[in-house]
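Geometric and topological summary
Spelled out from the first residue to the last, the chains are:
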Amino acid sequence: MKHTHPLPGDIGLTQISGITGRLIRLGQWINGDGFADYQHAFLVLPDDRLLEAQPGGARIQPLSAYDDSSVLYVCPEGLTEQQRTALCAAATAYVGVPYSFLDYLAIAAHRFHLPLPGLRRYVASTRHMICSQLVDQVYQDAGIHLFADGRWPGYVTPMALYNQLAH
């Protein structure tokens with residue numbers, strides 16, 4: 001479900017410019033999402049704040065950091081206030097979790113059925129995450145499963161979130 005005004009617990013989807021955005025677009029293309037329009041996801045928190053995965057580690061910052069960006073806000077249909085509260089409470093546990101560009105390669109290895117030992121454990125690990133994995137994990141911790149397609153935990157990109165929630 002799409003929103004125009006963000007609420008706590010919503011997922012923000014946006015573009016990233018520069019080389020980082022191009023690398024993420026490439027990673028999503030390798031993972032079957034095409035050259036996607038959204039390369040970044042974050043979770044909206046109360047008091048006009050957000051939680052996002054960044055190369056320096058997951059952090060909370062003002063929602064105003066994206067005032068000059070085009071952001072699409074999405075959430076599952078029928079998300080309750082109690083669930084939104086649970087999401088925001090779960091989010092704080094991930095502050096400081098390192099970012100991992102290697103997760104895009106691990107997700108691609110799974111997509112191409114490469115028999116790499118420990119791959120599922122690596123993709124599912126919460127010790128390192130890309131932005132979409134972080135958002136998906138917070139939802140799981142709050143008891144909300146965004147995907148019911150049998151995918152591995154952590155097997156999620158920003159465009160997978162868009163495809164699941166924005167249509």
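Our subject in this report is the structure included herewith. If you're wondering where the values come from, they're calculated on a predicted model, not measured in any experiment.

The rules behind the values
Residues numbered from 1 in each chain as written. Predicted model: local features only at pLDDT ≥ 70, side-chain atom pairs only at ≥ 80, totals over all residues. Heavy atoms only, no water. Phe/Tyr/Trp six-rings, centres within 6.5 Å; stacked < 30°, edge-to-face > 60°. Lys NZ or Arg CZ within 6 Å of the ring centre and 35° of its normal. Helix = DSSP H or I, 4+ residues; strand = E, 2+ residues; numbered from the N terminus. Buried < 20%, exposed > 50% of the residue type's maximum accessible area, 1.4 Å probe, protein only. Arc of directions from axis to C-beta. Contact = heavy atoms within 4.5 Å. Pairing = 2+ DSSP bridges. Salt bridge = Lys/Arg side-chain N within 4 Å of Asp/Glu carboxyl O. Axes fitted to C-alpha atoms, helices over the stretch in contact; angles between N-to-C directions.

Side note on the packing of aromatic side chains
Taken as a whole and judged by the stated rule, the model has three aromatic pairs. Three or more aromatic residues joined by ring pairs form one cluster here, namely Phe-42, Tyr-66 and Tyr-73. Its end group placed over the ring of Phe-147, Arg-151 keeps NZ or CZ at 3.9 Å from the ring centre.

Here we look at the environment of Thr-126
Examined against the element boundaries, Thr-126 turns out to sit in the loop between α4 (119–124) and α5 (131–141). Residue Thr-126 is classed as partly exposed on the basis of its relative accessible area, which comes to 34%.

Comments concerning helix α2 (residues 81–91)
Residues Arg-84, Leu-87, Cys-88, Ala-90 and Ala-91 constitute the buried set of α2. For α2, the angular spread of buried residues about the axis comes to 160°, placing them on one side. Counted as exposed and oriented over 90 degrees from the buried face of α2: Gln-82, Thr-85 and Ala-89. Looking at the buried residues of α2, the elements they touch are β1 (2–3), β3 (40–45), β4 (49–52) and α5.

Let's talk about the pairing of β4
Residues in a regular strand project their side chains so that they alternate between the two faces of the sheet. As paired strands, β3 and β4 are joined by four bridges and run antiparallel to one another. Within β4, the position partnered with Val-44 by the bridge is Leu-50. Hairpin connection of β3 to β4: three residues between the antiparallel strands, including Asp-47 at a positive phi of 60°. Note: β4 against strand β5 (residues 59–62), four bridges, orientation antiparallel. The residue bridging Glu-52 from the neighbouring strand is Arg-59, located in β5. Here β4 folds back onto β5, and the loop between the two strands holds six residues, one of which, Gly-57, carries a positive phi near 115°.

A closer look at the pattern of salt bridges
With the rule as written, the count across this model stands at three salt bridges. Between Arg-59 and Glu-52 there is a salt bridge, with its nearest N and O atoms 3.5 Å apart. A residue is classified by how much of its surface remains accessible, and Arg-59, at 36% relative accessible area, is partly exposed. For Glu-52, a relative accessible area of 1% corresponds to the buried category.

Notes on the pairing of strand β2 (residues 11–14)
Residue alternation in β2 divides its side chains into two sets, Ile-11 and Leu-13 and Gly-12 and Thr-14, and both sets are buried. As paired strands, β2 and β3 are joined by four bridges and run antiparallel to one another. Bridge pairing in β3 links Gly-12 to Phe-42. Relative to strand β6 (residues 71–74), β2 is paired through four bridges, and the arrangement is antiparallel. Bridging from a neighbouring strand, Gly-12 pairs with Tyr-73 of β6.

Things to note about the sheet that holds β5
On the basis of which strands lie adjacent, the open sheet formed by six strands has the order β1-β6-β2-β3-β4-β5 and antiparallel pairing. Edge positions in the sheet fall to β1 and β5, since each has one partner strand and no second. The sheet strands contacting α2 are β1, β3 and β4, and the helix crosses β3 at an angle near 110°. In this fold helix α6 (residues 158–165) packs onto β2, β3 and β6, with an angle of close to 120° to the strand it touches most, β2.

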